[in-house]
Amino acid sequence: MEKPSNLLLKLARRLFENPDKQEKFIDALVAPQPFNPCILWCQNQPDISPFSVESPLSWQPKFVDRLHLGEKPGQHTLHHQGYFYCLDFSSVFAASILLTIPQSVSLVFDMCAAPGGKSVFAWQALHPDLIICNEVIGKRLGMLISNLKRCQISPSIIFNRDSSIFAENIPLSSNLVIVDAPCTGQSLLAKGEKAPGCFHPTAINKSANRQKRIIANSAQIVAPQGYLAYMTCTYSPEENEQVCEWFLSRFPQFQPVRINHLQECQSHLTNIPCYRLFPQDKLGAGAFTVLFQNTEVGAVKELEPQILNDLGIIQKFSPLVS
């Protein structure tokens, strides 16, 4: 077993008071174990699944299957045909907050969309009239476009712009904004992948500052009574609870929403209703998630097609155009 770094040991002590929990967390990162594969059905599920399926959790949506270890859904022909999207169950945990939104959602805006899993989840869960997917990192656009096309996520529009552009040009327009924030990616270690420097304070602070900028810009495009979903795949409090505390101090019109089905996963590091999944829970590599609602009352700003065109659409998918 690889020896844990001092920075990992320090993080474990910050996250857990109990030494046994610290040890289990560290073990999950330095000696990662495989997690059950997971798929999100985008088209009609077959009457008989081609895979061996685990019993669903009580809150798990019907369009998600957690598979037995050893299944390789990404190699199946149905995957290539766009019937389902493969993802870590941690992503399902994080996105499950969207299942609690009580109202119809006509416009979803996914601010950090690549590779597309949260967009696919929102499209399947909420059936919006339009989903806008933005990805600021150009080299990640290809996989986003490919996944949305393969899974037939339409109507959808793809952008490659900074979050500030949307804050300036389409304020108060979106019923739901998803911020799957870029982070240090510490949970990659639980998958057996590399994440160099992910525990270093400089990397964590740089990431947290970028997250604050993105969530602040994203808040400005949330319509009155609309929702802002913030989530990460990392463990550092600076990138999770502390971002939420900073956000609420500067945008008091937003209030966190209590998610009943995730109460057992409430973060013990804050009083804000927000939720964590850790790799030692053995469901997935880990996630942090929180849902905010804009409590302001007012009219939703209608999106003019010309405004969207002027912002520079990269790709558009509609039910009539492949």
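Thresholds, definitions, all that
- Residues numbered from 1 in each chain as written.
- Predicted model: local features only at pLDDT ≥ 70, side-chain atom pairs only at ≥ 80, totals over all residues.
- Heavy atoms only, no water.
- UniProt positions renumbered as here; feature names shortened; annotations may be inferred.
- Core = buried A, V, L, I, M, F, W, Y, C linked by side-chain atoms within 4.5 Å.
- Buried < 20%, exposed > 50% of the residue type's maximum accessible area, 1.4 Å probe, protein only.
- Contact = heavy atoms within 4.5 Å.
- Helix = DSSP H or I, 4+ residues; strand = E, 2+ residues; numbered from the N terminus.
- Pairing = 2+ DSSP bridges.
- Axes fitted to C-alpha atoms, helices over the stretch in contact; angles between N-to-C directions.
- Parallel < 35°, antiparallel > 145°, perpendicular 65-115°, else oblique.
- Left-handed = near helix turned anticlockwise from the far one by under 90°.
- Nonpolar A, V, L, I, M, F, W, Y, C, P; charged D, E, K, R; others polar.
- 1 Å grid on protein atoms, 1.4 Å probe; cavity = no way out; pocket = protein on both sides within 12 Å on 5 of 7 lines; lining within 4 Å.
- Points joined across faces, edges and corners; volume = space filled by probe spheres on them.
- Salt bridge = Lys/Arg side-chain N within 4 Å of Asp/Glu carboxyl O.

The protein is annotated in an unreviewed UniProt entry as RsmB/NOP family class I SAM-dependent RNA methyltransferase of Trichormus variabilis N2B. According to the UniProt record, the Sequence similarities (unreviewed entry) comment for the protein is "Belongs to the class I-like SAM-binding methyltransferase superfamily. RsmB/NOP family."

**Looking at the nonpolar core**
In terms of nonpolar packing, the biggest core is built from 46 residues, with Leu98 and Leu176 touching the most fellow members. Filtering out sequence-adjacent residues up to four positions away, Leu98 remains in contact with Phe121, Ala122, Leu126, Leu176, Ile178 and Ala229. Counting residues in each nonpolar core, the second largest holds 35 residues, with Phe109, Ile221, Ile272 and Val290 among its members.

**Re the pairing of strand β11 (residues 287-294)**
Counting buried positions along β11 yields eight of eight residues, so the element is predominantly enclosed. Residues of β11 alternate between two faces, with Ala287, Thr289, Leu291 and Gln293 on one and Phe288, Val290, Phe292 and Asn294 on the opposite face, all of them buried. Where strand β8 (residues 222-232) meets β11, six bridges bridge the pair, whose relative direction is antiparallel. Bridging across to β11, Tyr230 finds its partner in Val290. Inspection of the sheet shows strand β9 (residues 254-256) paired to β11 by three bridges, in the antiparallel sense. Residue pairing across strands places Pro256 opposite Phe292, the latter belonging to β11. In this structure, strand β10 (residues 275-277) lies alongside β11, joined through three bridges in antiparallel fashion. Residue pairing for β11: Arg276 is matched across the bridge by Phe288.

**Quick notes on the packing of helix α8 (residues 201-219) against helix α9 (residues 241-250)**
Two quantities define a packed helix pair, namely the angle between the helix axes and the distance between the axes. Viewed as axis vectors pointing N to C, α8 and α9 meet at an angle of 40 degrees, and their least axial separation amounts to 10 Å. In this view, α8 runs oblique relative to α9, as classed from their interaxial angle. Judged by the twist between their axes, the crossing of α8 over α9 is right-handed. Side by side, α8 and α9 meet where Ala208, Gln211, Lys212, Ile215, Ala216 and Ala219 of the first sit next to Val243, Trp246 and Phe247 of the second. Residue composition of the contact of α8 with α9, by class: seven nonpolar, one polar and one charged.

**Section: the layout of surface pockets**
Empty space among the atoms becomes apparent when a probe as large as a water molecule is rolled across them. Here the largest pocket is characterised by a volume of approximately 1,200 Å³. The wall of the largest pocket is formed by 47 residues, among which Ala114, Pro115, Arg140, Asp180 and Cys233 lie closest to the centre. Elements that contribute at least two residues to the lining of the largest pocket include exactly β3 (84-87), α4 (89-95), α5 (117-126) and α8. Looking at the lining of the largest pocket element by element, the count peaks at six residues for α8. Taken together, the residues of the lining of the largest pocket sort by class into 22 nonpolar, 13 polar and twelve charged.

**What to know about the pattern of salt bridges**
Tallied over the entire structure, the rule returns six salt bridges. We note a salt bridge from Arg14 to Glu238, for which the minimum N-O separation is 3.1 Å. Remark: Glu238 occurs in the loop between β8 and α9 and Arg14 occurs in helix α1 (residues 6-15); sequence separation between them is 224 residues. Ionic pairing is found between Asp20 and Lys24, a salt bridge with its closest N-O pair at 3.5 Å. One end of the pair is Asp20 and the other is Lys24, both in helix α2 (residues 19-30) and four residues apart, which spans about a single turn. Residue Lys24 is classed as partly exposed on the basis of its relative accessible area, which comes to 47%.

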